[in-house]
Amino acid sequence: MNILFIMYDQLRFDYLGCAGHPHLKTPNFDRVAAQGVRFTNAYVQSPICGSSRMCTYTGRYASSHGAHWNGFPLRVGEQTLGDHLRREGMACWLIGKTHMQADADGMARLGLSADSIIGARQAECGFDIWARDDGLWAYGPDGYYDDNRSPYNEYLKCKGYDGENPWADYANAGLSDDQIASGWMFRHADKPANIREEDSETPWLTTQAIDFIDRATGPWCAHVSYIKPHWPYIVPAPYHDMYGPAHVPPARRGAVELENPHPLLACYQSGKVGQAFQRDDVREKVIPAYMGLIKQCDDQLGRLLDHLEATGAMDDTMIVLTSDHGDYLGDHWMGEKELFHEQSVKVPLIIRDPRQTADATRGTTCDALVESIDLTATFIEAAGGAVPDHIVEGRSLLPWLAGENPDWRSYVISEYDYSGTAHCAALGMTPRDARLFMVYDGRYKLIHAEGGLRPILFDLQNDPDEFIDLCKGDPPAEVMTRLYDMLAAWGRRMSQRVTRSDAQIIAGRGASLRKGILPFLVDGSEVPDALTERYRGPARQRHTDD
């Protein structure tokens, strides 16, 4: 079986037709959901691109692998999806974005060259690279945001788009008269990108994926990782005007959220992004563009699905659709992601398993508490391997796909390290204190803040919009104690003993006895004679005078 693992960047869980969006129709996402299982309570382990992806690719929590934010390197030696799958005879390829930052110091220390096979895999999060393109080819007075080569920019140049950076000039810019109308400015979000639709980012990456599928041999996992619908919020025709202000839902925000807000929430609400998304004119331009980007993603998913069906590959390909985090879009008086409201930390997750074992669950939903780190475990088991649970902290989802009801977790965890943000400095936090932890049990969501800041507590049963922070008043003591106990139990997990499994430890007990290590014996009768046999018998030589 092959695995087509598709990730969309910044795709909200509720912006799909099958998730109940009132205006956005996504027939191809719905098509996969009709053939598989849609998980309705899937949460990322960090609501920021880089850290979330490193959790997904390693199957480990952020505080286990250490890459807590964008640009934080994943240390050399962390095992990733590619390492696990190759042991099972399955190739693991990247087509698109990872946001991976290589541990250059660690590689230099160990003498790993990036142009060797092992060095390249260490530098690329364990993947073999078909086409890596992280998008965001921004450039300014100090140069490019991303120093890697852009195969997409090279493609645009080959197609006749001129200039040093056609991504910025065409793919992510419209026209205002004869002037560049950059997608970096929200006021241009309603303009069509100045690019032929077939040359824009999402179709380009889809073509790369189809090319890979046609040329791949042997069992494979292909991580097709789209940059969209991540900002800049601008999309080519005809998607730019498929939706308008009438399709923009009212912002989910309450005045009570601005009353004595948590200090960190106040920073986000009063920040540049929050202030922009509090404006109706911004939301009325940005959200239709965001919806257009999703619609284009859905159409391109249709291209992939049609190709799999036409070539017969659909019969032996598992399809996984998910995202690395959501987008506030003005809800809770904020934009972007980074915190733990549902709009940010909850993601879509749809899995279609082609095997007969999954027939009973096709077209169903599952409301189990799922973590993004579960995907690594799922893929290992799907490839025929045993999940190394002393390394991989997620759990396989295959039992749910088979219609079983496994003993399952009672809470999910997410972490956020905001030490790299201006909010850390504004609150006078040290980098080591600028950390948040979320524990959610399916009803209550507790957010613990280090550095002396008070916690946050939401009751999603009585307050599904997460407007009422119970910690502003007198939170229920039993609930706080129970959730903090969960967080403490999670904090005591065995996360770093990754070189020995439990089975190896058990099998190794007593092994030193059979290799002659016999400490603390009084006369040797304490152990079987076979263990002392080589230490008994006549001396062959005498080297003392007595």
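Procedures and definitions
- Residues numbered from 1 in each chain as written.
- Predicted model: local features only at pLDDT ≥ 70, side-chain atom pairs only at ≥ 80, totals over all residues.
- Heavy atoms only, no water.
- Helix = DSSP H or I, 4+ residues; strand = E, 2+ residues; numbered from the N terminus.
- Rg over C-alpha atoms; globule rule 2.2 N^0.38 Å.
- Buried < 20%, exposed > 50% of the residue type's maximum accessible area, 1.4 Å probe, protein only.
- Contact = heavy atoms within 4.5 Å.
- Polar contact = N/O pair within 3.5 Å; in protein donor to acceptor, adjacent residues only side chain to side chain.
- Axes fitted to C-alpha atoms, helices over the stretch in contact; angles between N-to-C directions.
- Parallel < 35°, antiparallel > 145°, perpendicular 65-115°, else oblique.
- Left-handed = near helix turned anticlockwise from the far one by under 90°.
- Nonpolar A, V, L, I, M, F, W, Y, C, P; charged D, E, K, R; others polar.
- 1 Å grid on protein atoms, 1.4 Å probe; cavity = no way out; pocket = protein on both sides within 12 Å on 5 of 7 lines; lining within 4 Å.
- Points joined across faces, edges and corners; volume = space filled by probe spheres on them.
- Expected span 1.5 Å × (residues − 1).
- Pairing = 2+ DSSP bridges.

A. Highlighting the overall build of the protein. When its secondary structure is counted, the protein shows 19 helices and 17 strands. In terms of C-alpha radius of gyration, the protein reaches 26 Å, essentially the compact-globule figure of 24 Å for 546 residues. Projected onto its principal axes, the C-alpha positions of the protein cover 110 × 60 × 55 Å. Relative to its 546 residues, the protein shows a buried fraction of 56%. In the protein, once contacts between residues fewer than 6 apart in sequence are set aside, the share between residues at least 24 apart is 71%.

B. Seen up close, the side chain of Ser-414. Relative to the helices and strands, Ser-414 is located in strand β14 (residues 412–417). At a separation of 3.4 Å, a polar atom in the side chain of Ser-414 contacts the main-chain amide nitrogen of Ser-46. Those residues in contact with Ser-414 that sit more than four places away from it in its chain are Val-44, Gln-45, Ser-46, Pro-47, Phe-340, Val-345, Leu-436, Phe-437 and Met-438.

C. Highlighting the packing of helix α9 (residues 201–215) against helix α12 (residues 280–311). Relative orientation of the contacting elements α9 and α12 amounts to 15°, with a least axis distance of 10 Å. It follows from the interaxial angle that α9 and α12 lie roughly parallel. Crossing handedness for the pair α9 and α12: right-handed. From α9, Thr-202, Pro-203, Thr-206, Thr-207, Ala-209, Ile-210, Ile-213 and Asp-214 reach across to α12, where they touch Gln-296, Cys-297, Gln-300, Arg-303, Leu-304, His-307, Leu-308 and Thr-311. Looking at the contact of α9 with α12 residue by residue, the classes come out as seven nonpolar, seven polar and two charged.

D. Just the layout of surface pockets, in detail. When its volume is computed, the largest pocket comes out at roughly 940 Å³. Surrounding the largest pocket, 35 residues form its lining, Trp-231, Lys-272, Val-273, Glu-336 and Glu-338 being those nearest its centre. When residues of the lining of the largest pocket are traced back to their parent elements, those giving at least two are β5 (139–140), β6 (143–144), α11 (272–277) and α16 (422–426). In terms of lining residues, the second largest pocket is bounded by 24 residues, among which Met-100, Arg-132, Asp-134, Asp-146 and Asn-148 are the most central. Listing elements by their share of the lining of the second largest pocket, those giving two or more residues are α6 (117–123) and β4 (128–132). Looking at the lining of the second largest pocket, its residues break down into 10 nonpolar, six polar and eight charged.

E. How the structure looks around helix α7 (residues 151–158). Within the sequence span of α7, burial applies to Pro-151, Tyr-152, Asn-153 and Leu-156. The secondary structure elements touched by the buried residues of α7 are β4, α8 (166–171) and α9. One or two residues past the end of α7 sits Gly-160, with phi positive at roughly 100°.

F. Expanded view of α9. End to end, α9 covers 21 Å across 15 residues, agreeing with the expected 21 Å (1.5 Å per residue, within 8%). Every buried residue of α9 is listed here: Glu-201, Thr-202, Pro-203, Trp-204, Leu-205, Thr-206, Ala-209, Ile-210, Phe-212 and Ile-213. Packing partners of the buried residues in α9 comprise β3 (91–96), β4, α7, α8, β9 (220–226) and α12.

G. Structural context of the pairing of strand β1 (residues 2–8). Of all seven residues making up β1, seven are buried, and the element is well covered by its neighbours. Residues of β1 alternate between two faces, with Asn-2, Leu-4, Ile-6 and Tyr-8 on one and Ile-3, Phe-5 and Met-7 on the opposite face, all of them buried. Examined bridge by bridge, β1 and strand β10 (residues 317–323) share seven bridges and lie parallel to one another. Looking across to β10, one finds that Leu-4 is bridged to Ile-319. One ladder, built from six bridges, connects β1 with β9; its direction is parallel. Across the sheet, residue Phe-5 finds its bridge partner in β9, namely His-223.

Treat this as a map of the structure, not an account of what it does.
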